[in-house]
Amino acid sequence: MNHHILSVLVQNRPGVLARVAGLFARRDYNIFSLAVAPAENEGFSRITIVVDVDSAPLEQITKQLFKLIEVVKISELDPLRSVERELLLATVRVSPEQRGQVVELATIFEGKILAVGVEAITISLDGHPDKLDDFEELLAGYGIVELQRTGRVALPKLDKESRLRAVAHKGKAG
Amino acid sequence: MKLTGAQALIKSLEMEGVEVMFGLPGGCILPAYDPLLDSSIRHILVRHEQGAGHMAEGYAHVTGRPGVAMVTSGPAATNMVTPLCDAYMDSIPMVCITGQVSTTAIGTDAFQECDTVGITRSVTKHNELVMTAQNLPMAVRQSFRIATTGRPGPTLIDVPKDVLQNSMEWYWPTDAEVVDSLPGYRPNVKGHPRMIKEAAKLILASERPILYVGGGILKARAADALRELAEMTDIHVVTTLMARGAFPDDHPLCLGMPGMHGNATAITALQRSDLLITLGARFDDRITGKVSTFAPDAKVIHVDIDPAEQGKVRRPDVPIVGDCRLVIEELIRAIRDMEQSGTPRADTGAWKSRISGWREQFPLSYEASEPGEALKPQYCLEQLRDNAPEGTILVSGVGQHQMWSSQYWRFNEPYTWVNSGGLGTMGFSVPAAIGAKVGRPDRTVWAVDGDGCFQMTAQELVTASVERIPIKVAILNNSYLGMVRQWQEMFYDERYSEVYLSPELPDFVKWAEAMGCVGIRVDSPEEVQPAIDKANSIDDRPVVVDFRVDAREKVFPMVPAGMGNDDLILPDSQMPRKGALK
Ligand SMILES: Cc1ncc(C[n+]2csc(CCOP(=O)(O)OP(=O)(O)O)c2C)c(N)n1
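Residues numbered from 1 in each chain as written. Chains lettered and ligands numbered in written order. Predicted model: local features only at pLDDT ≥ 70, side-chain atom pairs only at ≥ 80, totals over all residues. Heavy atoms only, no water.

**Student:** Can you help me understand the environment of Pro137(B) in this one?
**Tutor:** All names here are of chain B. Relative to the assigned elements, Pro137 resides in helix H7 (residues 136-148). Owing to a relative accessible area of 0%, Pro137 belongs among the buried residues under this scheme. In this structure, the C-alpha to C-alpha distance between Pro137 and Thr120, residues 17 residues apart in sequence, is 21 Å. (Helix = DSSP H or I, 4+ residues; strand = E, 2+ residues; numbered from the N terminus. Buried < 20%, exposed > 50% of the residue type's maximum accessible area, 1.4 Å probe, protein only.)

Written out as structure tokens, the structure is:
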């Protein structure tokens, strides 16, 4: 999938997420993942959306998003120039003999063992989504009982020049 | 000053300058109807909420001021969905107020509860559920600001019953407070100077330019600026269905309507152009036909206040985000400056003579009926047009009669044409005409309707009679859902499926009379003129004229859906010379 990451600053008002989600559905744009949380300044939230740009040109997506009244700023994060993180939780079926192997895998990936049962083990791993993909694939061999990923969040890499390209920003009126 | 939420709501509407609103009360909105009794605002009681919405639209169309509708919760709110969507598609400023169940009952599936904000989210420019009485003035101010600025559109305020009943301390937010409360809403009105220069350069260099003008010109109140630009550059203008009247039809540079049922010259001028100067138009599929074959040699200048229109359908060479009037004025200045500093104008002489050749060979035409034959709908329209009092506003429904209206009327003044373009809402015309007449009581308002459309919202003629709003309705009655019949005849081997209405039911004259109108039936060409004269002379009640017209008549030219504009079908008599459209 050809993806792009949009970091969308929105006014934190009821229904904002429904508006954003509704826009994607209505215009037939695909969301690959979505994460929402309060932003640094009060009254605002940041929505990190990974969009499938095969479904529509990114420019149209950002312009349509920008028409939503609560959307204040949209930044496009170039995957090469941003840090991306995601969290994975997985419960894997393991026999007591296999447990060691899975613990070793988790250690190699710098994951954490959250709970151990007789026939299952729950692991958490955070990191770059690609790393999580690899880990998930390896776990699949043992049998995943339940798996939950958060969807990615991202920030621009701290470079000398700002890597954050504001594609749309509504400045103060004037 | 302590007010109830209901009083604050009505006072806020007064403060916004609302003179008239359209609506119908019910349980949840009841508290707001009480202070209305003491208000300066005229309320027009409709017979169906959809009517209130279309009336608000008609009012907004002709006045440029936002239309206001107020209805209750649940079924009333859902009845409002069609007009909201209609206004959204055609960028009509409109503010709708809906009642909602009390805040304590929200989410419990209470009586007449529905998720109004959820249902209308995708058909409004913005909507909001107001949860405290104190917030009502701000919510009203925001709604009006959003509805009327930038690209206009409908907004909705959903107000729970207890919010209307609770008390609040009256305050009226300042302009600055309203602007600050909407940090994500900053419409850009001034075009980028570099882009405007770029556009001026292209215009002067073009040998086959066309001004492709859409409804945005009317929203921007830019008709005068457009005329100045067209005359100064001597460039022909096509006006889309939404822009009829934005440039006078009797102006030598006016080519009229392009698109699916446009005239051959307007369609072909776009098609062969080397520069589309696109002003407040959006490359709708009804204009472009098959996009990949649309105006293949043309560069595109695209002026629109909505940045999302740029590149949505056709990639512009010069995108200009801004208000059409301001941008055109800047453009005129830029062209003048360039000419003064010696930039030559390309020779458009050959292009002009091609255009006049097409105009001569491909006028709109239909076969007049022989004596004793059925009445032609186009003839009725010509007669309506030629006998219309100065300044008449024409409103239409959706279907064949709409296309003939746009084709055969002569629009020489902006804001004299009201129709449902984007959504194509059958049932639009009667209520929209009522709204238009309320907005411009000094004007004659004719609604041209189909017999199918009329039956969807005719009950509002009762509203018109009771409220003394003397509109005139011409039903071009072909006993069919005519436009659908035309498609079935042409594209489904004349297999007519569910398009035949009834020639005798309803009796439109009796129905009109039952609703307090004058009803007139017209069967033959000789009766047309007297009927129109009579209708035009009546000014104390609505009039309905039932023109019994030839059901076999089809709208031409036609670009079949999904085909390119070069595949247009002309009237039979012109088909043999179609090759001249080169
Ligand atoms: C609410 C709605 N339903 C269906 C349609 C599809 N439709 C478009 S034109 C048309 C026929 C309209 O018939 P009539 O009002 O008699 O007008 P005519 O085409 O005969 O002039 C229909 C059914 C529509 N545009 N709107």
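**Student:** Quick question: what am I supposed to make of the nonpolar core here?
**Tutor:** In globular proteins that are soluble, nonpolar side chains generally tend to be buried together. Residue and element names in this part refer to chain B. By size, the foremost hydrophobic cluster in this structure holds 47 residues, and its most contacted members are Phe22, Val395, Phe454, Leu461, Ile471 and Val473. What Ile471 contacts, discounting residues up to four positions off in sequence, is Val430, Ala433, Ile434, Lys437, Val445, Leu461, Arg541, Pro542 and Val543. Counting 41 residues, the second largest nonpolar core, distinct from the first, contains Ile196, Ala199, Ile277 and Ala334. (Core = buried A, V, L, I, M, F, W, Y, C linked by side-chain atoms within 4.5 Å. Contact = heavy atoms within 4.5 Å.)

**Student:** Sorry if this is basic, but what is going on with the interface of chain A and chain B here?
**Tutor:** Where the parts come together, the accessible area they lose is often given as the size of the interface. Counting residues at the interface gives 21 residues for chain A and 24 residues for chain B. A buried area of about 1,800 Å², summed over both sides, lies between chain A and chain B, and 50% of it is on carbon and sulfur atoms. Area buried by chain A at its contact with chain B is led by Arg13(A), Arg19(A) and Ile69(A), which between them contribute 34% of it. Linking chain A with chain B are three salt bridges. Among the ionic pairs, Glu128(B) bridges to Arg13(A), the shortest N-O distance being 3.1 Å. Between chain A and chain B we count eight residue pairs in polar contact (both at pLDDT 80 or more) in total. When residues of the side of chain A that touches chain B are traced back to their parent elements, those giving at least two are helix H1 (16-26), helix H2 (58-66) and strand S4 (71-77) of chain A. Among the residues making up the side of chain A that touches chain B, the classes are represented as seven nonpolar, five polar and nine charged. (Buried area = accessible area lost by both parts, 1.4 Å probe. Salt bridge = Lys/Arg side-chain N within 4 Å of Asp/Glu carboxyl O. Polar contact = N/O pair within 3.5 Å; in protein donor to acceptor, adjacent residues only side chain to side chain. Nonpolar A, V, L, I, M, F, W, Y, C, P; charged D, E, K, R; others polar.)

**Student:** Explain the packing of aromatic side chains here, please?
**Tutor:** What characterises a pair of aromatic rings is the spacing of the ring centres plus the angle enclosed by the ring planes. Residue and element names in this part refer to chain B. In the structure shown here, the tally under the stated rule is 16 aromatic pairs over all chains. Both rings, one in Phe454 and one in Phe508, keep their centres 5.6 Å apart while their planes meet at 65 degrees; by these two values the pair is edge-to-face. Of this pair, Phe454 sits in helix H20 (residues 451-457) while Phe508 sits in helix H23 (residues 508-514), and the two are 54 residues apart along the sequence. Judged on exposure class, the residue Phe454 and its partner Phe508 are both buried. Ring centres 6.0 Å apart and planes at 85 degrees place the aromatic pair Trp487 and Phe491 in the edge-to-face group. Of this pair, Trp487 and Phe491 both sit in helix H22 (residues 482-491), four residues apart, roughly one helical turn. Take Trp487: its relative accessible area is 25%, and that puts it in the partly exposed class. What makes Phe491 partly exposed here is its relative accessible area of 35%. (Phe/Tyr/Trp six-rings, centres within 6.5 Å; stacked < 30°, edge-to-face > 60°.)

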